[in-house]
Every structure is written in C-alpha cells, then in structure tokens.
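Chain and residue survey
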There are 2 protein chains.
Amino acid sequence: MRVTIKDIARAAGVSHTTVSRALRDSEEIRPETRARIRAIAEALGYRPNPVARALQGRRTQTLGVVVTRLSDPFHTEVVQGIEMVAQARGYGVLLSLSHEDPEKERSIVELLAAKQVDGIIVAASRLGSRYLPMLEALQIPIVLINSHQTGPYVYSVATDNVHGGYLATRYLIGLGHRAIAYIGSRRGGRSNQDRYRGYRQALREAGLPLRPEWVVKGDGRVEGGEAAMRRLLETDPRPTAVFCYNDLTAIGALKAALRAGLRVPPDLSIIGFDGLEEGTYVTPMLTTVAQPRRQLGRLAAEMLLEILEGRPSPKHILLQGTLIERESCGPPG
Amino acid sequence: MRVTIKDIARAAGVSHTTVSRALRDSEEIRPETRARIRAIAEALGYRPNPVARALQGRRTQTLGVVVTRLSDPFHTEVVQGIEMVAQARGYGVLLSLSHEDPEKERSIVELLAAKQVDGIIVAASRLGSRYLPMLEALQIPIVLINSHQTGPYVYSVATDNVHGGYLATRYLIGLGHRAIAYIGSRRGGRSNQDRYRGYRQALREAGLPLRPEWVVKGDGRVEGGEAAMRRLLETDPRPTAVFCYNDLTAIGALKAALRAGLRVPPDLSIIGFDGLEEGTYVTPMLTTVAQPRRQLGRLAAEMLLEILEGRPSPKHILLQGTLIERESCGPPG
DNA sequence: TTGTATGCGTTATCAA
DNA sequence: TTGATAACGCATACAA
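Quick look at the structure, then. (Residues numbered from 1 in each chain as written. Chains lettered and ligands numbered in written order. Predicted model: local features only at pLDDT ≥ 70, side-chain atom pairs only at ≥ 80, totals over all residues. Heavy atoms only, no water.)

1. Side note on the side chain of A:N246
All names here are of chain A. Note on placement: N246 falls in the loop between β8 (241-244) and α11 (247-259). Here N246 falls in the buried class, since its relative accessible area comes to 8%. Setting aside anything within four residues of it in sequence, one finds N246 in contact with R195, G220, G272, F273 and D274. (Helix = DSSP H or I, 4+ residues; strand = E, 2+ residues; numbered from the N terminus. Buried < 20%, exposed > 50% of the residue type's maximum accessible area, 1.4 Å probe, protein only. Contact = heavy atoms within 4.5 Å.)

2. Quick look at the sheet that holds strand β12 (residues 322-324) of chain B
Residue and element names in this part refer to chain B. The mixed open sheet is built from 6 strands, whose spatial order is β7-β6-β8-β9-β10-β12. Of all the strands in the sheet, the pair left with one neighbour each is β7 (215-218) and β12. Across the sheet, the mean angle separating the axes of adjacent strands is 25° when strand polarity is ignored. One ladder, built from 4 bridges, connects strand β6 (residues 180-185) with β7; its direction is parallel. Across the sheet, residue I183 finds its bridge partner in β7, namely V216. The strands touched by helix α9 (residues 189-205) are β6, β7, β8 (241-244) and β9 (269-274); relative to β6, the strand with the most contacts, the crossing angle is about 170°. (Pairing = 2+ DSSP bridges. Axes fitted to C-alpha atoms, helices over the stretch in contact; angles between N-to-C directions.)

3. Description of the nonpolar core
In this structure, A:L95, A:I121, B:L95 and B:I121 are the most contacted members of the largest nonpolar core, which totals 60 residues. Ignoring any residue separated from it by four or fewer positions in sequence, one finds A:L95 in contact with A:V65, A:V67, A:L70, A:V79, B:V79, B:E83, B:V93 and B:L95. Of all hydrophobic cores here, the second largest spans 34 residues; its members include A:I108, A:L127, A:L135 and B:I140. (Core = buried A, V, L, I, M, F, W, Y, C linked by side-chain atoms within 4.5 Å.)

4. Here we look at unusual backbone geometry
Residues and elements named next belong to chain B. With an omega dihedral of 15°, the bond running from P265 to P266 counts as a cis peptide bond. By the element assignment, P266 lies in the loop between α11 (247-259) and β9. Along the chain, T283 connects to P284 via a cis peptide bond; the corresponding omega equals -5°. Its location among the elements puts P284 in the loop between β9 and β10 (287-290). Unlike most non-glycine residues, Q61 shows phi in positive territory, near 55°. In this fold, Q61 is placed in the loop between α4 (50-57) and β1 (62-67). Positive phi, normally seen in glycine, also occurs at E100, with a value near 60°. Here E100 lies in the loop between β2 (92-97) and α6 (102-114).

5. A closer look at the interface of chain A and chain B
How big an interface is tends to be reported as the loss of accessible area on association of its parts. Contacts between the two partners involve 55 residues from chain A, matched on the other side by 55 residues from chain B. Regarding the contact of chain A and chain B, the summed buried area is about 4,200 Å², with carbon and sulfur atoms giving 56% of it. It is A:V51, A:K115 and A:Y281 that lose the most area in chain A upon contact with chain B, and together they represent 15% of the buried surface on that side. Across the chain A-chain B interface, the total number found is 2 salt bridges. Counting across the chain A and chain B interface gives 18 residue pairs in polar contact (both at pLDDT 80 or more). Only α4 (50-57), α5 (73-88), β2 (92-97), α6 (102-114), α10 (222-233) and α11 of chain A provide two or more residues apiece to the side of chain A that touches chain B. (Buried area = accessible area lost by both parts, 1.4 Å probe. Salt bridge = Lys/Arg side-chain N within 4 Å of Asp/Glu carboxyl O. Polar contact = N/O pair within 3.5 Å; in protein donor to acceptor, adjacent residues only side chain to side chain.)

6. As for α11(B)
Residues and elements named next belong to chain B. When the terminal C-alpha atoms of α11 are compared, their 18 Å separation across 13 residues agrees well with the 18 Å that a helix rising 1.5 Å per residue should span. Among the 13 residues in α11, 11 count as buried, and that is most of the element. Where α11 is buried, its residues touch α5 (73-88), β6, α10 (222-233), β8, β9 and β10. Phi turns positive one or two residues past the end of α11, at G261, with a value near 85°. (Expected span 1.5 Å × (residues − 1).)

7. Focus on the layout of surface pockets
Approximately 1,800 Å³ is the volume found for the second largest pocket. Residue lining of the second largest pocket: 39 residues in total, with A:R2, A:V3, A:R47, A:N49 and B:Q116 positioned closest to the centre. Where the lining of the second largest pocket is concerned, the elements lending two or more residues are α1 (5-12), α2 (16-23), α3 (31-44) and α4 of chain A together with α4, α6 and α7 (131-138) of chain B. No other element matches the 4 residues that α4(A) contributes to the lining of the second largest pocket. The residue makeup of the lining of the second largest pocket, split by class, is 20 nonpolar, 8 polar and 11 charged. (1 Å grid on protein atoms, 1.4 Å probe; cavity = no way out; pocket = protein on both sides within 12 Å on 5 of 7 lines; lining within 4 Å. Points joined across faces, edges and corners; volume = space filled by probe spheres on them. Nonpolar A, V, L, I, M, F, W, Y, C, P; charged D, E, K, R; others polar.)

8. Description of the protein's contact with DNA strand D
Close contacts around DNA strand D come from 26 residues, with A:T18, A:R21, A:R30, B:Y46 and B:R53 the closest. Within the backbone of A:S15, an N or O atom sits 3.2 Å from a phosphate oxygen of DNA strand D. Between DNA strand D and the protein, one listed contact pairs a base oxygen with a side-chain N or O atom of B:T17 at 3.3 Å. Contributions of two or more residues to the surface near DNA strand D are made by α2 and α4 of chain A together with α2 (16-23) and α4 of chain B. At 4 residues, the largest contribution of residues to the surface near DNA strand D is made by α2(A). Here the residues of the surface near DNA strand D are counted per class, giving 7 nonpolar, 12 polar and 7 charged. (Near = heavy atom within 4 Å.)

Written out as structure tokens, the structure reads:
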C-alpha cells in the first residue's frame with residue numbers, strides 16, 4: 001500500500017494536519033517536529049499524491065498540449081521545447097493530436113479542460129476565433145503557437161511570417177534573380193497568406209512584376225511541392241528561383257527539379273522556410289528561413305507558466321525568422 | 001462554478017448517489033429517473049471531474065510515455081501510434097523526454113508513477129535490467145518498445161533486428177554484391193548488435209568473408225553516417241554495397257558518397273533501416289528495411305490497455321521488418 | 001429502486 | 001505550535 005500522510009502521522013504520533021504542514025514548510029511549526037516528521041516521511045518513502053492534491057487545490061501541475069500531428073517535424077521541435085520547460089518546472093505534459101480536424105481540436109481542448117490541466121498550448125490551431133467563447137466558459141488560459149487571437153484567456157507566440165517571406169524573397173533578389181516563383185500551401189491558412197504577402201512586398205520594392213503563373217500551391221508536404229514544381233517547370237519563361245512555403249515543400253520542389261535534370265543552382269535556386277534538420281539531408285542542402293521552433297515551444301511554455309503562477313507576462317510575442325544559407329541558392333546561371 | 005453531481009442532485013430532487021448511478025448506467029435504477037437525471041446533467045453542462053474520479057477509483061485514465069527525444073523521427077511515429085490508440089480509448093498521454101539519460105529516465109518513470117498514471121510505455125529504454133526492482137516497488141505495468149526485459153510488470157513490443165539485418169544483407173547479396181559493408185551505431189546498443197548479427201549471418205550463409213575494415217560505426221545520425229562512409233571510401237578494395245544501422249545513417253552515407261562523386265547505384269548501393277519518410281526526401285530515394293513504427297506504438301498502447309483493463313494479453317511481441325525497395329540499391333556496376 | 005454515510009489523500013479553517 | 005474537522009467531487013457499502 002501507498003504511504004500517506006496519515007501513516008506518517010501515526011508513526012510520528014501527531015495529527016495528519018501537522019504532517020501536511022511539516023511537509024509543506026509551513027512557518028507555524030516547530031523546527032524540531034518538522035525535521036522529525038520529514039525524517040519519518042523519508043524513511044517510509046512517502047510520495048505525495050498529486051491527484052489528491054489536485055482535487056483539493058484545483059491545480060494538477062499539468063499542461064495540455066495540442067498539435068495537429070507529430071509526423072510533421074515542425075511540431076516535433078515545438079513540443080520538445082515545451083516539454084523541456086515543463087519538465088524543468090515540475091509540470092507534466094498531456095499531449096493530444098488533432099490531425100488538423102477543427103472539430104477534434106475543439107473536443108480535445110474541452111477534454112483537456114475537463115481533465116483539469118492548468119493551461120493549454122495549441123500549435124497551429126485550426127479553430128480560429130471559435131476559441132473565444134469556449135475559453136470564456138472553460139476559464140483556462142491558452143497559448144496559441146503560430147496563430148493569433150485576442151481575448152481574455154488567449155495568449156500567443158508566433159513567428160513573423162510576413163517578415164520571413166520578405167527575407168527569403170529579398171535574398172533571392174539580392175542574388176540577382178528577377179524571375180521568382182512562390183509555391184504556397186493549400187493548407188497553410190493564415191501563415192501561407194502572410195509569407196505570400198512578404199514575397200509580394202519584396203517583389204514590389206524591387207520593381208519586379210508578380211506573375212500569376214509563378215504562384216502555385218502545394219500542400220505543405222513533399223508530394224505537394226513536387227507536383228507544384230512540375231507545374232512551374234512548364235511555364236514559359238521559367239522562373240530562376242523559387243521561394244517555398246516550407247522546407248518540406250522545398251524538398252519536393254528540389255526533387256522535381258533534379259528529376260527534370262536541372263542543376264540547383266545555377267539553373268534553379270530554391271529557398272524553403274522552417275529550418276528543418278531535414279533540409280540538410282538533401283543534396284544540395286536547403287537554404288531556408290529558419291523559425292526558432294524550439295524557442296517557440298519554450299516561450300509558449302514559459303508564458304503559460306508565468307500566467308499560471310501569477311507573474312506578469314506579455315500576451316503576445318512575435319519572433320523573427322533568420323536566414324540560413326546552405327547550398328540550394330545561387331546567382332541565376 | 002463547475003457543475004457537480006450534487007448540483008444535479010439538487011436540481012433533480014434526488015440524492016447525489018442516484019445521480020452518480022444514473023450517470024454511470026447502473027442497472028439498479030429506474031429508466032425514467034435515469035433519463036430525467038441525464039437530461040438535467042446535459043442541460044447543466046455537467047462534466048465529470050476526472051481528478052475526483054481518480055482519487056476515488058485509483059485510475060487516472062492516463063498513460064505515461066517516455067521517449068529519448070522527439071527530434072528523432074523514429075520516436076515521433078511511435079508516439080503518434082500510441083496517442084491514437086489512447087485517444088480512441090479515452091486515455092490521456094503524459095509525455096516525457098529522457099534525452100537518452102538513464103538517470104533521467106529513471107526519475108521520470110518514478111515521477112509518472114507518482115502522478116498516478118495507470119501504465120507506462122518506454123521507447124528505446126536506456127535503463128535495461130534496472131527496471132525490475134523499481135517496477136516491483138511501483139507496481140505499475142510497463143511496456144518497453146524495442147528493448148527487452150522479463151519480469152512481473154514488464155511487457156514488450158519490438159522489431160526483430162536480427163531478421164531485419166539479415167533481410168537487408170540478403171537483399172544486397174541477391175543483387176549480386178559480394179563486397180558488403182556495415183555502418184553500425186556507437187549508440188545503438190543491443191539493436192545495433194542484433195542488426196550486425198543478421199548481417200554476419202547472411203554473409204556466412206552466402207560464403208562471403210567478413211572484412212573488419214568494412215565494419216565501421218556511426219552514431220545513428222546523419223553526421224555519423226557521413227563520417228563513417230568517408231572512412232569506408234578509403235578502404236581498398238572498396239565495398240560495392242553498404243548496409244546501414246538506420247536511415248539517418250544511410251542518408252549521411254549517401255551524402256558522403258554523392259560528394260565523392262559516386263553514382264548510387266551503380267557505383268555503390270546503400271540500404272537503410274527504419275523506413276523513415278525522410279528516406280524519400282533524398283535522391284536517390286533510400287531503399288530500406290522498414291520497421292512498423294506506428295504499429296509498434298499502437299501495439300504497445302493496446303497491450304497496455306488490455307493489461308490495465310484486465311484482459312488477456314501476450315507479454316512480448318516481436319514484429320518483423322519489411323523491405324522497401326526504392327532507388328538506392330542496384331546490381332554492382 | 002433510492003438514500004445515508006463514509007472514504008479516497010490532501011489542504012484549509014478554526015479552535016485549543 | 002498543534003489538532004479536530006470539514007471540504008474537494010466522486011464512488012460505494014449498507015440500509016431503507
């Protein structure tokens with residue numbers, strides 16, 4: 001049987017109340033009894049029961065984390081960042097996958113709330129503004145990663161997609177490209193729009209035309225990138241550089257280009273977005289705009305913990321991506 | 001305030017006991033009252049409090065999951081498989097990362113036990129036989145993925161590494177190779193030994209010599225594979241094919257081979273292990289022995305749930321890998 | 001078929 | 001400084 005404070009109380013000849021106090025470093029207790037009780041607790045191998053504690057105190061020391069799926073290496077790092085912070089601060093991480101299904105996301109968040117998690121972090125939410133009323137009812141703070149909402153219980157940490165798209169496109173322009181395509185993502189939602197906006201902004205500033213046939217869509221995965229690139233290869237004239245919604249798309253684009261016999265570069269330059277490890281697996285290694293993924297997770301977790309523990313915290317944080325020059329870009333040749 | 005069974009009881013004019021029964025489909029209750037109470041519960045938006053339920057019933061409906069790190073795509077799929085089963089059966093997943101640190105793994109398992117998880121799944125444990133006494137004390141069933149132990153509370157699901165190594169090597173032999181190298185992993189532990197054993201067995205059967213200079217070690221990651229391949233390229237004669245401990249190693253090996261100007265194939269054939277999605281990102285796409293990763297997670301979760309819910313279950317399951325022919329292997333040329 | 005009383009392990013309140 | 005007692009929300013012997 002498990003050792004409880006009552007067992008300790010019996011062994012020490014005191015009340016369980018005293019034990020509870022001694023164990024929690026209450027001030028209103030004599031140092032000697034405190035020490036004595038602690039020694040007994042130690043000897044008996046006492047472990048507090050978090051469930052009972054939660055029932056009493058309304059705190060489970062657990063964070064709910066919702067991501068679409070783990071097979072996406074982007075989320076993986078985010079979750080890792082969250083877990084590291086949580087573990088260091090004594091919190092558990094209750095992980096759930098939504099599989100990009102808004103309805104499922106909703107029910108998961110409600111389930112997590114029912115499970116009494118202290119707070120929730122959602123990466124790449126598909127629920128948008130539908131959170132607000134729900135959270136109002138749930139009364140649980142939520143931190144959104146890479147999606148933005150404003151409301152009483154809603155916080156967010158995100159990377160600046162407009163800036164990132166701008167950065168990528170500027171880089172290509174700086175290399176001398178004037179024919180730059182964009183492979184977006186059907187499923188990218190707001191982040192896709194924003195990266196596209198950064199792309200257009202850079203083109204505009206450089207006085208380059210926006211050619212509709214050079215703007216195509218993938219699905220955020222390798223296959224989608226491949227298919228999109230094949231369409232791009234049929235345009236005439238062909239772009240000399242491509243900015244891709246994310247690294248997986250870029251990897252697909254690269255595959256299609258290599259298959260078509262192009263040299264990358266100089267025949268074509270490809271830049272991705274995310275900064276995935278996977279980008280170094282391919283030849284040439286992928287140049288990309290890196291999101292601070294782990295940082296994103298870390299900050300979200302820290303933010304949530306600050307809120308939970310009643311410390312001041314910003315409500316929204318916007319991070320900047322950084323360019324990682326590898327091998328897939330060069331001057332047009 | 002949150003709605004409890006007492007609130008419902010008050011509204012329905014019955015005792016909270018009756019409510020409790022009505023909500024749990026107890027047989028000893030009149031259908032009408034049952035329906036009436038359920039309606040009221042619904043109307044009030046009642047959600048049972050799992051914490052209270054856990055305190056009472058000693059079940060948290062939560063599974064503890066321990067993996068070394070999520071940045072390894074192998075674990076990612078395993079966790080995904082676990083989560084899917086758990087979610088479908090109404091269980092939560094409490095995820096913790098051990099970062100390959102045995103001491104941390106140990107403390108995490110103890111922490112999870114303290115948190116009252118109903119059972120634990122550990123992927124790629126580093127703790128070995130040190131589990132046994134711990135579990136004896138904790139009294140919690142544990143399912144080990146890809147590591148094997150025997151003991152009262154210990155179960156396991158694993159892939160047959162000897163068979164997998166044999167399969168890969170046989171395949172190369174079948175292609176006509178007689179000079180086959182192995183790039184292992186310093187950190188692969190038992191699984192590395194087993195795959196190596198399968199490799200030797202296939203060589204022996206085919207009457208091929210085991211050349212020590214063709215057996216080198218990576219670290220299970222891309223960089224290690226690259227470095228190992230560079231060493232292999234200096235041997236004379238050079239192998240015409242390489243079996244790699246895992247896909248990341250193989251990707252590294254491929255990179256090094258391509259850098260050295262080799263054509264893969266015919267100059268060199270490379271086969272990996274795991275069946276990662278990442279193997280399709282590279283050109284040529286990686287031929288590999290696939291582990292049923294998601295299946296591994298799924299089975300582990302199902303096994304654990306069977307045990308928890310008192311149904312019969314095998315204690316140990318061994319799965320066979322399957323060959324996926326892609327593009328990185330061909331006859332020696 | 002329903003209700004009363006009690007317990008799960010902890011913390012909080014109030015007395016002593 | 002300590003202890004008795006009552007919650008927290010639910011489940012369950014036992015009684016009615």
